Amino acid sequence: QADKKPCSAPAGSQCGGGSSSGAGEECAAATFCIGGQALAQPCRAEPGHYCPSGCSDATGHPCPPGHFCSGGVALPSPCTGPPGNYCPATDVLPAGTQCPALHWCEGGSHPERPCEAMVGKFCGAGCDVAQGHSCPAGSYCEGGDKPKV
């Protein structure tokens, strides 16, 4: 046992059974490692967060845009939102969130995009087309990123 040495793995790594280096190996996704001689533990992320490979924080990292994260040991899943919705960072719903006004959203894992509406059209909340929708009677619309008035 003279050649057995304590693990000095950095945060995000561990020395599991059979380790041959004091630096250890990167922790697997859905776990976190505080380093040193401690072994990997299951991720304890809140909804909207997850633990990627090499995670050193029990609460994980924010879910990336275009995905939703249910928390715990679950990994990010692609957003399945309909047109007019998107998944911003830290989203927790598979269908995402309604697209903000002055933007349009293709749905799925695509990000929100600036409105490209021409004069007489606008992009309200939940807009699902780049060109926007016709301005309603009693209002006027300057197009682009301008709200209807």
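Rules of the game
Residues numbered from 1 in each chain as written. Predicted model: local features only at pLDDT ≥ 70, side-chain atom pairs only at ≥ 80, totals over all residues. Heavy atoms only, no water. Disulfide = S-S within 2.5 Å. Salt bridge = Lys/Arg side-chain N within 4 Å of Asp/Glu carboxyl O. Buried < 20%, exposed > 50% of the residue type's maximum accessible area, 1.4 Å probe, protein only.

> Help me understand the state of the cysteines in this model?
A full pass over the atoms with the stated rule returns eight disulfides. Between cysteine 7 and cysteine 15 runs a disulfide, and the two sulfur atoms are separated by 2.0 Å. One quick way to see it: the torsion about the S-S bond of cysteine 7 and cysteine 15 is about 70°, and its sign makes the bridge right-handed. Cysteine 55 carries a free sulfur, and the closest cysteine sulfur to it, the one in cysteine 51, is 3.8 Å from it.

> How should I be thinking about the pattern of salt bridges in this particular structure?
Pairs can form between side chains of opposite charge once their charged atoms are near each other. Inspection of the entire model under this criterion finds one salt bridge. Between arginine 113 and glutamate 106 there is a salt bridge, with its nearest N and O atoms 2.9 Å apart. Classification of arginine 113 as partly exposed rests on a relative accessible area of 27%. Given the relative accessible area of 36%, glutamate 106 is considered partly exposed.

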